[in-house]
Amino acid sequence: MKALLLDGCREGDYLAMEAVLEMTAALAGRADDVEVVKLRELAISACTGCFGCWTRTPGECVLQDDAATVLRSYLGSDVVAYVTPVTFGGYSSQLKMMLDRCIPLLDPRFTIVGGEVHHLLRYRRYPKTVVLGTLPSPDAEAERLFASLVARNGFNFHRTFEAEVLVGVPDPPSARRCAERLLDRIGVTA
Amino acid sequence: MNALILVGSPKGRVSASWMLGSRLAEGLRDHGVTVQYGMVHHELRSGEGTAKLLDLFDSSDLVVLAFPLYVDSLPAPLTRLLELAAERRGRTSAPGNPRLAVVVQCGFPEAHQCDTAIGICRRFAGSAGMGWAGALAMGMGGSLEGDFRRLPGGGKQILDALGKTAEALARGGDIPDEAKAVFARPLMPRWLYILTGNLGWRLKMRKNKARRPIGDRPYAQG
Ligand SMILES: Cc1cc2nc3c(=O)[nH]c(=O)nc-3n(C[C@H](O)[C@H](O)[C@H](O)COP(=O)(O)O)c2cc1C
């Protein structure tokens, strides 16, 4: 089993970096191969909104940068974990830069999912996805928004994405429990 | 009153976000508001541009985020700007000022798909000590191609909602609920949007001389 972790935190954010370490350890206990991608170290440009990945070179972005390597790795994984500081209830800009570049994974044509319009899937198989967010102090509204964002992202891939938010100062045992719980919830076993 | 319209689409002046944001700006000007624009995607490419936007942010009475929904939230560069603005404002600014308003549209037909993004903007306003003036959200953003007159009904519902919004914001008020409801009303039946949308992708492929099938799988395994 292959696991991919998308590290969307900034250097110096100790809580989020702790979450990355513990999620990596939790994945290593269940997968044969864990790849950790530090998004802050890659060259990933912002999506230009041109839809070239749907109407010029279907399935592939017209920009040539590290995002393509991440997308190949994403599709080759059985499980993907995003780790990010919860940012006003959403993802960090670092993680979002990559997520905006994920639309080549979908097919532009519209279909109905759960009563709403979404896109058709381009591939037959996608990884199971979990999202671990961090917050330095409790913030019920940010947590609620984060849960709703992650759930909505799941609809885009016609599946359930699971989320947890780790709140408080860095504490390895609780970060590890949070990560294990998430993997249990999507049924990732050793 | 000084207003700053931040256009969050990377497509700049050929975007649906610009079409809506600039029309709102016209309405604000008609009510005596001084309006400036910031093209977020473009300005954030340089340190100077970023500093300029942050300064404008702080010297405005009203900031309007006009953006497309990207992956159920804000485009990454706009998120980056908000991170920077919140960091800086935490240190310096007067609470409740400027006020933040949002005009968001998405490609799917249902306006409610923008709700999480609106919540994120509102939470940002809270973190940055700004006032919250509300949000307009609409689906079927793919229909907004430069000219309101080509929209069903001449785009009257959108223009009315933007007009009422401009008037309220210029007075220092919140976006009226009535404007929100009218703006969110579907421009056409959902089945028609799906049909024309799916045809639209094919036509764009032909125009772009795409050589691969629409459902191609270049990253194989799947
Ligand atoms: C990277 C990317 C992500 C998008 N994600 C969503 C989405 O989650 N939901 C949606 O309804 N539309 C989504 N869209 C569609 C845009 O919101 C829509 O095309 C919009 O009208 C573009 O506005 P603009 O012309 O101002 O850029 C996405 C488009 C892009 C390029």
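Structure first, text after, so check above.
Since the model is a prediction, treat every value here as computed from it, not as a measurement. (Residues numbered from 1 in each chain as written. Chains lettered and ligands numbered in written order. Predicted model: local features only at pLDDT ≥ 70, side-chain atom pairs only at ≥ 80, totals over all residues. Heavy atoms only, no water.)

1. What to know about the sheet that holds strand 2 (residues 34-39) of chain B
Residue and element names in this part refer to chain B. Here we have 5 strands laid out as an open sheet, ordered 2-1-3-4-5, and parallel in their pairing. Edge positions in the sheet fall to strand 2 and strand 5 (131-138), since each has one partner strand and no second. Strand-to-strand, the axes of this sheet are offset by a mean angle of 15°, without reference to chain direction. The strands that helix 3 (residues 47-59) touches are strand 1 (2-7), strand 2 and strand 3 (62-68); relative to strand 1, the one it contacts most, it runs at about 140°. Sheet strands in contact with helix 7 (residues 177-184) are strand 4 (99-105) and strand 5, and its direction is about 25° off that of strand 5. (Pairing = 2+ DSSP bridges. Helix = DSSP H or I, 4+ residues; strand = E, 2+ residues; numbered from the N terminus. Axes fitted to C-alpha atoms, helices over the stretch in contact; angles between N-to-C directions. Contact = heavy atoms within 4.5 Å.)

2. A look at unusual backbone geometry
All names here are of chain B. Here Asp-72, not a glycine, exhibits a phi torsion of approximately 65°, which is positive. Along the chain, Asp-72 falls in the loop between strand 3 and helix 4 (76-92). Owing to a relative accessible area of 3%, Asp-72 belongs among the buried residues under this scheme. You will see that Met-140, though not glycine, has its phi angle at about 60°, which is positive. Among the structural elements, Met-140 can be located in the loop between strand 5 and helix 6 (156-170). The exposure class assigned to Met-140 is buried, which follows from its relative accessible area of 1%. (Buried < 20%, exposed > 50% of the residue type's maximum accessible area, 1.4 Å probe, protein only.)

3. Description of the packing of aromatic side chains
The tally for this structure, following the rule as stated, stands at 15 aromatic pairs over all chains. Centroid distance Tyr-123 of chain A to Tyr-126 of chain A: 6.2 Å. Interplanar angle 85°. Geometry classified as edge-to-face. As far as burial versus exposure is concerned, Tyr-123 of chain A and Tyr-126 of chain A are alike and both buried. One aromatic cluster is present, formed by Phe-51, Trp-54 and Phe-110 of chain A together with Phe-108, Tyr-193 and Trp-201 of chain B through successive ring pairs. The ring of Tyr-37 of chain B carries Arg-13 of chain B above its face, with NZ or CZ at 6.0 Å from the centroid. (Phe/Tyr/Trp six-rings, centres within 6.5 Å; stacked < 30°, edge-to-face > 60°. Lys NZ or Arg CZ within 6 Å of the ring centre and 35° of its normal.)

4. Remarks on the pairing of strand 2 (residues 33-38) of chain A
Residue and element names in this part refer to chain A. Relative to strand 2, strand 1 (residues 2-7) runs parallel, the two being bridged by 6 bridges. When the bridges of strand 2 are listed, Lys-2 appears paired with Asp-33. With helix 1 (residues 14-28) bridging strand 1 and the parallel strand 2, this β-α-β connection has right-handed handedness. (Right-handed = clockwise from strand over helix to strand, strands pointing away.)

5. Digging into the site of the ligand
Near the ligand there are 21 residues, and of these Ser-9, Lys-11, Ser-17, Leu-69 and Gln-105 of chain B occur at the shortest range. At the site occupied by the ligand, the surrounding residues belong to chains A and B. Here a nitrogen atom of the ligand sits 2.8 Å away from a polar atom, N or O, in the main chain of Val-71 of chain B. One nitrogen or oxygen atom from the main chain of Phe-108 of chain B is found 2.9 Å from an oxygen atom belonging to the ligand. When the free accessible area of the ligand is taken as 650 Å², the share hidden by the protein chains comes to 93%. (Near = heavy atom within 4 Å. Polar contact = N/O pair within 3.5 Å; in protein donor to acceptor, adjacent residues only side chain to side chain. Areas by Shrake-Rupley, 256 points an atom, 1.4 Å probe, with all protein chains shown as cover.)

6. Notes on the nonpolar core
Judged by nonpolar contacts, the single largest core of 68 residues is most densely connected at Leu-6 and Tyr-82 of chain A together with Leu-65 and Phe-124 of chain B. Setting aside residues up to four positions removed in sequence, Phe-124 of chain B forms contacts with Phe-88 of chain A together with Phe-57, Leu-82, Ala-85, Ala-86, Leu-100 and Met-130 of chain B. Formed by 47 residues, the second largest nonpolar core is a distinct cluster that contains Ile-5, Leu-20, Leu-136 and Ile-194 of chain B. (Core = buried A, V, L, I, M, F, W, Y, C linked by side-chain atoms within 4.5 Å.)

Nothing here speaks to function; it is all geometry.
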